[in-house]
Amino acid sequence: MSVWIAIGVTAVGCYAVKLLGLLVPAGALERPLVRRLAALLPVALLAALTAQQTFADGQVLVLDARAAGVAAAAVALVLRAPFLLVVAAAVVVTAGVRAMGG
């Protein structure tokens, strides 16, 4: 029964967050600082998620084939490669490092 309570509390919480977002006055959302933060927040969250998924294994910091793949993708981005080439470089390097036993 506690699972259903957790689901109910989560649903009410999600509804409350959505409602709070709708209740914010439009003038508050038009401020330059708020607009800048709204533009940068998704990028920061995605970067944090990528870093956590790449360099962490539970509570331990790990440097393995995933880190090499991210490094290859970063190099491809610096060289202004198309997105599919960036993904392909990351995949190939990650697979290569894993094949070599890393």
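Here the structure is shown first, and the text comes after it.
Given the structure is predicted, the values throughout are model-derived calculations rather than measurements.

Quick notes on the rules
Residues numbered from 1 in each chain as written. Predicted model: local features only at pLDDT ≥ 70, side-chain atom pairs only at ≥ 80, totals over all residues. Heavy atoms only, no water. Helix = DSSP H or I, 4+ residues; strand = E, 2+ residues; numbered from the N terminus. Buried < 20%, exposed > 50% of the residue type's maximum accessible area, 1.4 Å probe, protein only. Patch = residues over 30% accessible without salt bridge, like charges linked within 9 Å, V, L, I, M, F, W, Y side chains within 5 Å. Areas by Shrake-Rupley, 256 points an atom, 1.4 Å probe, with all protein chains shown as cover. Salt bridge = Lys/Arg side-chain N within 4 Å of Asp/Glu carboxyl O. Core = buried A, V, L, I, M, F, W, Y, C linked by side-chain atoms within 4.5 Å. Contact = heavy atoms within 4.5 Å. Axes fitted to C-alpha atoms, helices over the stretch in contact; angles between N-to-C directions. Parallel < 35°, antiparallel > 145°, perpendicular 65-115°, else oblique. Nonpolar A, V, L, I, M, F, W, Y, C, P; charged D, E, K, R; others polar.

1. Considering the overall build of the protein chain
The number of helices and strands found in the protein chain is five helices and two strands. Ordered by position from N to C terminus, the α and β elements of the protein chain give α-α-α-β-β-α-α. Summarising its shape, the C-alpha atoms of the protein chain cover approximately 55 × 45 × 25 Å along the three principal directions. When burial is assessed residue by residue, the protein chain has 11% of its 102 residues classed as buried.

2. What to know about a nonpolar patch on the surface
On the surface, Y15, L19, L20 and L23 cluster together to form a nonpolar patch covering roughly 470 Å² of accessible area. Relative to the elements of secondary structure, L23 occurs in helix 1 (residues 2–23).

3. Focus: the nonpolar core
A73, A76, A81, V86 and A90 together form the largest nonpolar core, which totals five residues. Mapped by element, the contributors of at least two residues to this core are helix 4 (65–78) and helix 5 (83–99). Excluding residues that lie within four positions of it along the chain, A81 makes contacts with A76 and V86.

4. Examining the environment of A76
Examined against the element boundaries, A76 turns out to sit in helix 4. Considered as a pair, A76 and V87 are 11 residues apart in the sequence and their alpha carbons are 8.9 Å apart. Look past the residues within four positions of A76 in its chain and what remains in contact with it is A81 and V86.

5. Observations concerning the packing of helix 3 (residues 32–55) against helix 4
Helix 4 packs onto helix 3 with a crossing angle of 140 degrees between their chain directions and a minimal axis gap of 8 Å. As summarised for this structure, helix 3 and helix 4 are arranged oblique, according to the angle between their axes. Residues Q53, T54 and F55 of helix 3 touch helix 4, and the partners they reach there are R66, A67 and V70. Class assignment for the residues of the contact of helix 3 with helix 4 results in three nonpolar, two polar and one charged.

6. A word on unusual backbone geometry
Not every positive phi belongs to a glycine, and R80 is a case in point at roughly 60 degrees. In this structure, R80 sits in the loop between helix 4 and helix 5.

7. Regarding the pattern of salt bridges
For the coordinates displayed, the defined rule picks out two salt bridges. The salt bridge involving E30 is made with R35; its shortest N-O contact spans 2.8 Å.

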